[in-house]
Amino acid sequence: MADDIENLYTLCTRLLTEVRNLKCQLSDQLSIAVTVSLGVCFCNSRYQADVKLQALLDAADTILYKVKSAKKNDVLYTEFEL
């Protein structure tokens, strides 16, 4: 499981970097920077049969608001617990 979480974190970090490097040119004189914040809820396989999708989305939403209020342009994850 630790490898799965590490792989997930690596993927999210790569996504943040790619989005951060985007150049959004709106016109000749105007460009904008784009950033992203990610809240990820990792569900251990022992819970999968008992977990409802809405519960996972709620947990991911909670962690997303934590990253948005604390750091922004970052990723935080949590493990889902019943």
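Parameters and conventions
Residues numbered from 1 in each chain as written. Predicted model: local features only at pLDDT ≥ 70, side-chain atom pairs only at ≥ 80, totals over all residues. Heavy atoms only, no water. Helix = DSSP H or I, 4+ residues; strand = E, 2+ residues; numbered from the N terminus. Expected span 1.5 Å × (residues − 1). Contact = heavy atoms within 4.5 Å. Buried < 20%, exposed > 50% of the residue type's maximum accessible area, 1.4 Å probe, protein only. Pairing = 2+ DSSP bridges. Arc of directions from axis to C-beta. Patch = residues over 30% accessible without salt bridge, like charges linked within 9 Å, V, L, I, M, F, W, Y side chains within 5 Å. Areas by Shrake-Rupley, 256 points an atom, 1.4 Å probe, with all protein chains shown as cover. Salt bridge = Lys/Arg side-chain N within 4 Å of Asp/Glu carboxyl O.

K.L.:
Describe helix H1 (residues 2–20), naming the residues involved and giving the relevant values.
P.N.:
For H1, with 19 residues, the first-to-last C-alpha span of 27 Å sits near the 27 Å given by 1.5 Å per residue. On its buried face, H1 sits against strand S3 (38–42) and strand S4 (75–79).

K.L.:
Requested: an account of the pairing of S3, with residues and values cited.
P.N.:
Counting buried positions over the five residues of S3 gives four, a clear majority of the element. Examined bridge by bridge, S3 and S4 share five bridges and lie parallel to one another. Across the sheet, valine 40 pairs through a bridge with tyrosine 77, a residue of S4.

K.L.:
Got a sec to walk through helix H2 (residues 53–70)? Specific residues and values, please.
P.N.:
Taking 1.5 Å of rise per residue, 18 residues should cover 26 Å, and H2 covers 26 Å from first to last C-alpha, within 8% of that figure. By the burial criterion, the buried members of H2 are Ala59, Ala60, Ile63 and Val67. The arc that holds every buried residue of H2, seen down its axis, measures 95°, which confines them to one face. Exposed residues on H2 whose side chains face more than 90 degrees from its buried face are Tyr65 and Ser69. Of the surrounding elements, those touching the buried residues of H2 are S3 and S4. A positive backbone phi angle near 65° is found at lysine 72, which sits one or two residues after H2.

K.L.:
An account of a nonpolar patch on the surface is needed here, citing residue identities and associated values.
P.N.:
Where nonpolar side chains cluster on the molecular surface, the patch consists of Leu26, Leu30 and Ile32 and spans about 280 Å² of accessible area. Topologically, leucine 26 is positioned in the loop between strand S1 (24–25) and strand S2 (31–32). A relative accessible area of 53% means that leucine 26 is categorised as exposed.

K.L.:
Go over the environment of leucine 15, please, and point to the residues and values.
P.N.:
By the element assignment, leucine 15 lies in helix H1. The class for leucine 15 is partly exposed, based on a relative accessible area of 42%.

K.L.:
Describe in detail the environment of leucine 16, supporting the description with residues and values.
P.N.:
Structurally, leucine 16 can be placed in helix H1. Taking relative accessible area as the criterion, leucine 16 reaches 3% and is therefore assigned buried. In this structure leucine 16 touches Val36, Leu38, Asn73, Asp74 and Val75, once residues within four positions along its chain are discounted.

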